[in-house]
Amino acid sequence: MRTVVVGGTGHIGTYLVPELVRLEHEVVVLSRGERSPYQSDGAWNRVEQIAVDRAAEDAAGTFGDRVADLQPDVVIDLICFTEDSARQLAEAVRGKVQHLLHCGTVWVHGPSELVPTREDTPRRPFGDYGIQKAAIERYLLDCARRDGLPATLIHPGHISGPGWTPINPAGNLDLGVYEKLAHGDELALPNLGLETVQHVHAADVAGMFLAALRNRSVAVGESFHAVAEGAMTLRGYAAGVATWFGQEVRLTFLPWDEWRQTVSENDAAATYDHIAHSPHCSMEKAARLLGFRPRYSALDAALSGVSWLVENGKIT
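Along each chain, residues carry numbers from 1 onward, in the same order as the chain's sequence is written. Residues qualify for local features only when their pLDDT is at least 70, as the model is predicted, and side-chain atom pairs are given and counted only at 80 or more; totals for whole chains, interfaces and linings, by contrast, use all residues. Values reported for side chains reflect all heavy atoms of the structure, with hydrogen atoms and water molecules removed beforehand.

K.L.:
Would you mind showing me how to read the overall build of the chain here?
P.N.:
Only DSSP runs of H or I with at least four residues qualify as helices, and only runs of E with at least two residues qualify as strands; both kinds are numbered from the N terminus onward. Per the secondary structure count, the chain includes 13 helices and 13 strands. We take the radius of gyration over the C-alpha atoms and set the globule estimate at 2.2 Å times the residue count to the 0.38 power. Computed over the C-alpha atoms, the radius of gyration of the chain is 20 Å, within 12% of the 20 Å expected from 2.2 N^0.38 for a compact globule of 316 residues. Overall size of the chain, expressed as C-alpha extent along the three principal axes, is 55 × 40 × 40 Å. The criterion used for residue contact is that any of the two residues' heavy atoms lie within 4.5 Å. Long-range contacts, defined as pairs at least 24 residues apart, comprise 77% of the intrachain contacts of the chain with a sequence gap of at least 6. Here, Shrake-Rupley sampling with a 1.4 Å probe gives the accessible areas, and only protein chains in the shown set may cover a residue. Working note: accessible area of the chain is about 13,700 Å², and carbon and sulfur atoms make up 47% of it. Neither His nor the chain termini are counted; the positive set is Lys and Arg, and the negative set is Asp and Glu. By convention, charge coordinates are those of NZ in Lys, CZ in Arg, CG in Asp, or CD in Glu. The chain carries 28 positive and 40 negative side-chain charges, and their two centres are separated by 5 Å.

In structure tokens form, the structure reads like this:
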């Protein structure tokens, strides 16, 4: 099986590409070539890597043909963010590949309403990222159902793991939040800390792509969530992190308009995005159709990233 992975050196590709190699796929990775995978693995020695500036080639209208010219059986697209980009690739590989897998996001849903949210919940996205990803999903599924494009969409939650900073219990990327919890200091959270975040380990996201490949007959034309079982409230997440550090959690709560004044503008914007979505998505469909259940809990997924931050001196 010849498999092209677009954007294969990032969070998901770090785990996905070596597994594809071990499954005897002939793997070609297209990326900008500006970074290495987050973890070393000898399997990368058997991967063909091609440096590509996708944004530039999308603008020139050449990216889809570049992928098609590699004559893949499978294309896994991990870095597509606009409908135009998805359309160019889909049109180039239609009728030439056995499976096209796209990495979406649970933010196609917008705010959680009835939880856990299922994949067939009507889409009400907000913000450019969620709106664009929902448009991509709509386009690819329409192509699958009308034109036979063998497309599957995988929608991750907050991807976590060693090598990068996970979304913290305040809903942003401020390392100081973890340091307060590590030292037993008081941490202020917005509102009552009852909004939710739903982390997922990058290895489990990779596992979802592999499960879809194994079960192509039922995966084509479908969308699947890739999240941990269950979401965490901000206050529950904070308590879990504090306990991991051997501390009692000390929390205080402020109304949103007051809380946002205590952090930077960027952190407030990130927190708003996360608590406004407040995701809590179901994994029932993945278990029923693909036989897949995530290995990591939401807390364990987040703590794998926190542990890496501690080991590398990024949290003092």
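On we go.
K.L.:
Would you explain the sheet that holds strand β5 (residues 99–103) in this entry?
P.N.:
Pairing between two strands requires that DSSP report at least two bridges joining them. One open sheet accounts for seven strands, arranged β3-β2-β1-β4-β5-β6-β11; its pairing is parallel. One side of each edge strand has no neighbouring strand; the edge strands of this open sheet are β3 (48–51) and β11 (222–226). Each strand of the sheet is rotated relative to its neighbour by a mean of 20°, with strand direction disregarded. Across four bridges, strand β2 (residues 26–31) lies against β3 in parallel orientation. Its bridge partner lying in β3, Leu-30 is registered against Ile-50. Note on method: axes are straight lines fitted to C-alpha atoms, helices fitted across the in-contact stretch only, with angles between N-to-C directions ranging 0 to 180 degrees.

K.L.:
Could you clarify how one ought to interpret the packing of helix α4 (residues 83–93) against helix α5 (residues 128–147) in this entry?
P.N.:
What describes two packed helices is the angle between their axes and the distance between those same axes. Running from amino to carboxyl end, α4 crosses α5 at an angle of 25°, the nearest separation of the two axes being 9 Å. The angle between α4 and α5 falls in the class roughly parallel. Seen along the crossing, α4 lies across α5 with a hand that is right-handed. Between α4, through Glu-83, Ala-86, Arg-87, Ala-90 and Glu-91, and α5, the contact on the second element is made entirely by Gln-132, Ala-135, Ile-136, Tyr-139 and Leu-140. Any residue outside Ala, Val, Leu, Ile, Met, Phe, Trp, Tyr, Cys, Pro, Asp, Glu, Lys and Arg is labelled polar, Gly included; the first ten of those are nonpolar and the last four are charged. Class assignment of the residues belonging to the contact of α4 with α5 gives a composition of six nonpolar, one polar and three charged. An angle below 35 degrees is read as roughly parallel, one above 145 as roughly antiparallel, one from 65 to 115 as roughly perpendicular, and any other as oblique. Less than a right angle of anticlockwise turn of the near helix away from the far helix marks a crossing as left-handed, whereas a clockwise turn marks it as right-handed.

K.L.:
Any chance you could explain the pairing of β5 here in plain terms?
P.N.:
A regular strand carries its side chains on alternate faces of the sheet. Note on exposure labels: buried denotes an accessible area under 20% of the residue type's maximum, exposed denotes more than 50%, and partly exposed covers the range between, all computed with a 1.4 Å probe on protein chains only. Buried residues dominate β5, accounting for five of its five residues. Burial along β5 is two-sided: the residues His-99, Leu-101 and Cys-103 and Leu-100 and His-102 are all buried. The sheet contact formed by strand β4 (residues 74–77) and β5 spans four bridges and is parallel. Bridging from a neighbouring strand, Asp-77 pairs with His-102 of β5.

K.L.:
I keep staring at the packing of aromatic side chains and nothing clicks. Help me out?
P.N.:
Two descriptors summarise a pair of aromatic rings, namely the distance from one centre to the other and the angle between the planes of the rings. Working definition: rings of Phe, Tyr and Trp (its six-membered ring) pair if their centres are within 6.5 Å, and the pair is stacked with planes under 30 degrees apart, edge-to-face with planes over 60 apart, and tilted otherwise. If you walk through the whole model with that rule in mind, you get six aromatic pairs. Between Trp-107 and Tyr-129, the aromatic rings sit 6.3 Å apart at their centres with planes inclined by 70°, giving edge-to-face as the arrangement. Within this pair, whereas Trp-107 is found in the loop between β5 and α5, its partner Tyr-129 is found in helix α5, the two being separated by 22 residues in sequence. Given a relative accessible area of 38%, Tyr-129 falls into the partly exposed group. Centre to centre, the rings of Trp-256 and Trp-259 are 5.6 Å apart; their planes meet at 25°, and the pair counts as stacked. Of the two residues, Trp-256 and Trp-259 are both situated in helix α10 (residues 256–259); the distance of three residues between them amounts to about one turn of the helix. Each member of the pair Trp-256 and Trp-259 is classed as buried. Taken together, the aromatic side chains of Phe-81, Trp-107 and Tyr-129 make up a single cluster linked through ring pairs. In this arrangement the basic side chain of Lys-285 is found over the ring face of Phe-224, its NZ or CZ atom lying 5.0 Å from the centre. A positively charged side chain is recorded as over a ring if its NZ (Lys) or CZ (Arg) lies within 6 Å of the ring centre. The angle to the ring normal must also be within 35 degrees.

K.L.:
Can you help me understand the side chain of Arg-2 in this one?
P.N.:
With respect to the element layout, Arg-2 can be found in strand β1 (residues 2–6). Classification of Arg-2 as buried rests on a relative accessible area of 16%.

K.L.:
I keep staring at the pairing of β2 and nothing clicks. Help me out?
P.N.:
Counting buried positions along β2 yields five of six residues, so the element is predominantly enclosed. Two elements, β1 and β2, share five bridges in a ladder whose sense is parallel. Note that in β2 the partner of Arg-2 across the bridge is Glu-26. As a crossover connection, the stretch from β1 through helix α1 (residues 11–22) into β2 is right-handed. With the strands aimed away from the viewer, a crossover counts as right-handed if its path from the first strand over the helix to the second runs clockwise.

K.L.:
Is there a simple way to explain the nonpolar core in this structure?
P.N.:
In globular proteins that are soluble, nonpolar side chains generally tend to be buried together. Working definition of a nonpolar core: buried Ala, Val, Leu, Ile, Met, Phe, Trp, Tyr and Cys residues. They are joined through side-chain atoms within 4.5 Å. Membership of the largest hydrophobic core comes to 41 residues, with the highest contact counts inside it found for Ile-76, Met-208 and Phe-209. The greatest single-element share of this core, amounting to 10 residues, is contributed by helix α7 (residues 202–214). Excluding anything up to four places from it in sequence, Phe-209 contacts Ile-12, Leu-16, Ile-76, Leu-78, Leu-101, His-102, Cys-103 and Ile-154.

K.L.:
I keep staring at the environment of Ala-242 and nothing clicks. Help me out?
P.N.:
Looking at the secondary structure, you find Ala-242 in helix α9 (residues 234–244). Ala-242 sits in the buried class, given a relative accessible area of 0%. Not counting the four nearest positions on each side in its chain, Ala-242 is found in contact with Leu-181, Gln-247, Glu-248 and Val-249.

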